[in-house]
Amino acid sequence: MAQVSLRKIVKAYEGGVQAVKGIDLEIDDHEFVVLVGPSGCGKSTTLRMIAGLEEITGGDIAIGGTIVNDIPPRDRDIAMVFQNYALYPHMSVYENMAFGLTLRKFPKAEIDTRVKAAAEILDITPLLDRKPKALSGGQRQRVAMGRAIVRNPKVFLFDEPLSNLDAKLRVQMRTEIKKVHQRVKTTTIYVTHDQVEAMTLADRVVVMNHGIIEQVGPPQELYHSP
Ligand code: ADP
Ligand code: ADP
């Protein structure tokens, strides 16, 4: 059974823009899928509909076999990582990572175990007491990933997570994300406009253009010509 199913999903924004025009996609458990394509092709809208941050105009989205069309973001079994990190500036790294679990009333001991395990995976244990403003861009992105990992969701959603980093750090974080996925194996849907990022990260690449899926396949089958 697919972990995520998109069935003929459509998004029409007010004002008439059809950002997504009826796409179908089945994503398997543990799979790392990258949505790629030019700016404005509907990648972010698709991801935000899966997250529940954007209402769908038509079709169905299922996560873990359950149709989630009417389920609010907080109750979907997903965790999202954003380009701008979305960390709380007044909270420490530890509190930032714990927040999603605190909100969901997890026991303190369980939260502690999960935060420390995620910090270890991401190599940020020495940073747990710091505030976000005392972190580098790469460190902030690790914290944002840590916040997703502690939730242990069915699906990770990444929206251009590396766009704010310089080229060297982007390459380094790409490797880091790959390593984390190999360790936790959480089904991942990752949006980028960067083809190299898509190539290196994806089990399967989904190429979007003008609100439709143009091509789907493993990276070695796409991009064989420069
Ligand atoms: P991508 O992530 O591939 O750059 P988006 O999903 O952000 O593309 O946008 C797809 C299309 O929908 C674009 O034409 C964009 O201008 C339009 N769009 C995105 N968000 C909104 C919005 N809130 N209201 C109206 N149109 C939007
Ligand atoms: P309280 O909210 O009761 O004042 P804290 O939030 O300070 O307690 O700490 C509760 C538990 O969370 C501690 O036992 C500790 O294991 C863990 N903890 C809190 N902050 C950190 C941190 N910066 N690094 C590691 N563990 C922490």
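Residues numbered from 1 in each chain as written. Chains lettered and ligands numbered in written order. Predicted model: local features only at pLDDT ≥ 70, side-chain atom pairs only at ≥ 80, totals over all residues. Heavy atoms only, no water.

The test is simple: UniProt positions are given in the numbering used here, feature names are shortened, and annotations may be inferred rather than shown by experiment.
Looking up the protein in an unreviewed UniProt entry gives the name Multiple sugar transport system ATP-binding protein, with the organism given as Neoroseomonas alkaliterrae. Listed in UniProt under the heading Sequence similarities (unreviewed entry), the comment for the protein reads: "Belongs to the ABC transporter superfamily."

### Observations concerning the overall build of the protein
To keep things clear, this is the line we draw: Secondary structure elements follow DSSP: runs of H or I no shorter than four residues count as helices, runs of E no shorter than two count as strands, and numbering proceeds from the N terminus. Exposure is judged per residue with a 1.4 Å probe applied to protein chains only, and the accessible area is read against the type maximum: over 50% gives exposed, under 20% gives buried, and values in between give partly exposed. Residue contacts follow a heavy-atom distance rule, with two residues in contact if any of their heavy atoms lie within 4.5 Å. To measure how exposed things are, a 1.4 Å probe is used in the Shrake-Rupley method; for residues, cover is taken only from the protein chains shown. Asp and Glu count as negative and Lys and Arg as positive, but His and the ends of the chain are not part of the count. Taken as the charge location is NZ of Lys, CZ of Arg, CG of Asp or CD of Glu.
In terms of regular secondary structure, the protein is built from six helices and ten strands. If you line up the protein on its principal axes, its C-alpha atoms span 45 × 40 × 35 Å. Taken across its 226 residues, the protein has 49% of its residues classed as buried. When contacts within the protein are restricted to residue pairs at least 6 apart in sequence, long-range pairs at least 24 apart make up 70% of them. With an accessible surface of roughly 11,100 Å², the protein has 51% of that area assigned to carbon and sulfur atoms. Within the protein, the 27 negative side-chain charges are centred at a point lying 6 Å from the centre of the 29 positive side-chain charges.

### Examining the site of ligand 1
Quick reminder of the rule: Here a residue is near a molecule or strand as soon as one of its heavy atoms is found within 4 Å of it. Two N or O atoms count as a polar contact when they lie within 3.5 Å, although within protein this holds only if one can serve as hydrogen donor and the other as acceptor, and sequence-adjacent residues are included solely when both atoms are side-chain atoms.
Around ligand 1, the neighbouring residues are Y13, V17, A19, P38, S39, G40, C41, G42, K43, S44 and T45. In the environment of ligand 1, a nitrogen atom lies 3.4 Å from a nitrogen or oxygen atom belonging to the side chain of Y13. Contact between ligand 1 and K43: an oxygen atom at 2.9 Å from a side-chain N or O atom of the residue. Calculation on ligand 1 without its partners gives an accessible area of 560 Å², and the protein chains cover 59% of this total. Per-element accounting of the shell around ligand 1 gives the leading share, three residues, to helix α1 (residues 43-51).

### Regarding the packing of aromatic side chains
Operational definition: Note on aromatic pairs: the rings of Phe, Tyr and Trp (six-membered ring only in Trp) are paired at centre separations within 6.5 Å, and the planes decide the class, stacked below 30 degrees, edge-to-face beyond 60, tilted for the rest.
A complete count under the given rule lists four aromatic pairs for this structure. Aromatic pair F156 and F158: ring centres 6.1 Å apart, planes at 80°, arrangement edge-to-face. Feature note: the residues F32, F156, F158 and Y190 constitute an aromatic cluster, connected by ring pairs.

### As for α1
Counting buried positions along α1 yields seven of nine residues, so the element is predominantly enclosed. Those residues of α1 that fall on the buried side of the exposure criterion are K43, T45, T46, L47, M49, I50 and A51. Where α1 ends, the next residue or the one after it, G52, has phi of about 90°, a positive value.

### Observations concerning the nonpolar core
What counts, and what does not: Here, the term nonpolar core denotes a set of buried Ala, Val, Leu, Ile, Met, Phe, Trp, Tyr and Cys residues that are joined through side-chain atoms within 4.5 Å.
Of all hydrophobic cores here, the largest spans 41 residues; its most connected members are M97, I124, M145 and Y190. Apart from residues lying up to four places away in sequence, I124 is in contact with V93, M97, A119, R142 and V143. Residues I27, L35, I189 and V191 belong to the second largest nonpolar core, which totals 26 residues.

### With respect to the sheet that holds strand β4 (residues 58-63)
Rules: Think of it this way: DSSP has to see at least two bridges between two strands before they count as a pair. Only the contacting stretch of a helix is used when fitting its axis, a line to C-alpha atoms as for every element, and angles between N-to-C directions run 0 to 180 degrees.
Taking strand neighbours across the sheet as the criterion, the four strands line up as β2-β1-β4-β5 in an open arrangement whose pairing is antiparallel. Edge positions in the open sheet fall to β2 (18-27) and β5 (66-67), since each of these has one partner strand only. Inspection of the sheet shows strand β1 (residues 4-12) paired to β2 by seven bridges, in the antiparallel sense. What sits directly across from S5, in β2, is E26. Taken strand by strand, α1 contacts β1, β2 and β4, and its axis lies near 120° from that of β1.

### Looking at the sheet that holds strand β3 (residues 32-36)
Neighbouring strands of a sheet are bound in pairs by backbone hydrogen bonds; such pairs are parallel or else antiparallel. Spatially, the six strands line up as an open sheet ordered β6-β7-β8-β3-β9-β10, and their pairing is mixed. Both outer strands of the open sheet, β6 (78-81) and β10 (212-217), are each paired with one neighbouring strand and no more. Between one strand axis and the next, the sheet turns through 20° on average, direction left out of account. By the bridge criterion, five bridges tie strand β9 (residues 204-209) to β10 in an arrangement that is antiparallel. What sits directly across from M208, in β10, is I213. Against the sheet, helix α4 (residues 137-151) touches β6 and β7 (155-159), its axis set at about 180° to β6.

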